[in-house]
Amino acid sequence: MKRQGERGKVKDERRKIKKENPTILPWNLELGTWNLELGTWNLELGTWNLKPNPMKQKGFTLIEIMVVIVIIGLLATLVLPRVMGRQEQAFIAKAQSDIQALASALKFYKLDNFTYPSTDQGLAALVTRPTGDPVPKHWKKDGYIERLPQDPWGNPYQYLYPGERMEFEIWSYGTDGVEGGEEGAADIGNWDAN
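The structure displayed is predicted, hence computed values, not measured ones. (Residues numbered from 1 in each chain as written. Predicted model: local features only at pLDDT ≥ 70, side-chain atom pairs only at ≥ 80, totals over all residues. Heavy atoms only, no water.)

### Side note on the overall build of the protein
The helix and strand tally for the protein stands at two helices and seven strands. Sequence-ordered secondary structure for the protein, helices as α and strands as β, is α-β-β-β-β-α-β-β-β. Residues counted as buried form 23% of the 194 residues belonging to the protein. The long-range fraction of contacts in the protein, counting pairs at least 24 apart against all pairs at least 6 apart in sequence, stands at 38%. Only carbon and sulfur atoms are counted for the fraction: they give 58% of the accessible area of the protein, which is about 14,800 Å². (Helix = DSSP H or I, 4+ residues; strand = E, 2+ residues; numbered from the N terminus. Buried < 20%, exposed > 50% of the residue type's maximum accessible area, 1.4 Å probe, protein only. Contact = heavy atoms within 4.5 Å. Areas by Shrake-Rupley, 256 points an atom, 1.4 Å probe, with all protein chains shown as cover.)

What follows is the structure, encoded as structure tokens:
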């Protein structure tokens, strides 16, 4: 059986009513209106009132959705490579900022204790009082930093005292987490700031 739309159902109902009551006409002379398939014509006012179309669809067509998906895809191919490069730059900038903050804390440590922590004591000496040599004489009660940060790639910062390039060295191994490397994978250290 073939499916009928709303318009087909309305036509069938009108035919049925006309067959049962042949005196019913599509116009009403008392009201001065003509009832037609698409709407009502009012003779007195000279206006046309359209019936709402039951077949009118709401929503988007498949073609409209496909066009939007293609546009989003094109925008993504143009924008994402630029955004992805910025994330690496942001990580490098954060690592440099952390290294500068750790270097400042180490300088305050030296002002109080007349020496930097040893390589074995490490950067943890900025958070908790070290017990090994050199024992700090005037270690600040609450420490020099609240907590020891990790680099943006989730690895601990490295520390060396005395340093090979500077008095002390603080560095991150970069994106690859191993010594050396080039570009984004290169080591980032306090020697870069000077």
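Having seen the structure, we can now continue with the description.
### Points about a nonpolar patch on the surface
A contiguous nonpolar surface patch, about 390 Å² in accessible area, is contributed by Ile63, Val67, Ile71 and Leu75. With respect to the element layout, Ile63 can be found in helix α2 (residues 62-113). The exposed category is assigned to Ile63, whose relative accessible area is 66%. (Patch = residues over 30% accessible without salt bridge, like charges linked within 9 Å, V, L, I, M, F, W, Y side chains within 5 Å. Salt bridge = Lys/Arg side-chain N within 4 Å of Asp/Glu carboxyl O.)

### A look at the pattern of salt bridges
Here the structure, examined in full by the defined rule, presents two salt bridges. When the shortest N-O distance is used, the salt bridge between Asp98 and Lys94 registers 2.8 Å. Here Asp98 and its partner Lys94 are both found in helix α2, four residues apart, which amounts to about one turn of the helix. Given the relative accessible area of 14%, Asp98 is considered buried. For Glu167, the salt bridge goes to Lys110, with nearest N and O atoms at 3.1 Å. With Glu167 in the loop between β5 (158-160) and β6 (169-172) and Lys110 in helix α2, this residue pair connects regions lying 57 residues apart in the sequence.

### What about the nonpolar core?
Residues Leu106, Leu123, Leu126 and Ile170 are the most contacted members of the largest nonpolar core, which totals 19 residues. The contact partners of Leu126, leaving out residues within four places of it in the chain, are Leu102, Ala105, Leu106, Tyr109, Trp139, Gly143, Tyr144 and Ile145. (Core = buried A, V, L, I, M, F, W, Y, C linked by side-chain atoms within 4.5 Å.)

### Some details on the sheet that holds strand β7 (residues 188-189)
Reading across from one edge, β5-β6-β7 is the order of the three strands in this open sheet, with antiparallel pairing throughout. Looking at which strands have only one partner, the edges of the open sheet turn out to be β5 and β7. Taken together, the three bridges between β5 and β6 define a ladder with antiparallel strand orientation. Note that in β6 the partner of Tyr159 across the bridge is Ile170. (Pairing = 2+ DSSP bridges.)

### Here's the deal with the packing of aromatic side chains
Summed over all chains, the structure comprises seven aromatic pairs. Seen from their ring centres, Phe91 and Trp153 are 5.9 Å apart, and the 90° between their planes marks the pair as edge-to-face. Highlighted residues: Phe91 in helix α2 and Trp153 in the loop between α2 and β5, separated in sequence by 62 residues. A relative accessible area of 28% places Phe91 in the partly exposed class. Ring geometry for Trp171 and Tyr173: centres 6.3 Å apart, planes at 70°, overall edge-to-face. Classification of Trp171 by relative accessible area gives buried; the value is 13%. Taken together, Tyr109, Trp139 and Tyr144 form an aromatic cluster joined through their ring pairs. (Phe/Tyr/Trp six-rings, centres within 6.5 Å; stacked < 30°, edge-to-face > 60°.)

### Description of the side chain of Asn190
Among the secondary structure elements, Asn190 is positioned in the segment after β7. Not counting residues up to four positions away in its chain, the partners in contact with Asn190 are Ile99, Met166, Phe168, Glu169 and Ile170.

### With respect to the pairing of β6
Covered by surrounding structure in β6 are Glu169 and Trp171 together with Ile170 and Ser172, the residues of both alternating faces. With two bridges joining them, β6 and β7 adopt antiparallel strand pairing. By the bridge assignment for β7, Ser172 is matched with Ile188.

### Comments concerning unusual backbone geometry
With omega at -10°, the peptide bond leading from Asp133 into Pro134 counts as cis. A cis geometry characterises the amide bond from Tyr161 onward to Pro162, with omega recorded as -5°. With respect to the helices and strands, Pro162 occurs in the loop between β5 and β6. Residues other than glycine seldom take positive phi values, yet Phe114 does so here, at roughly 70°. Considering the arrangement of structural elements, one finds Phe114 in the loop between α2 and β5.

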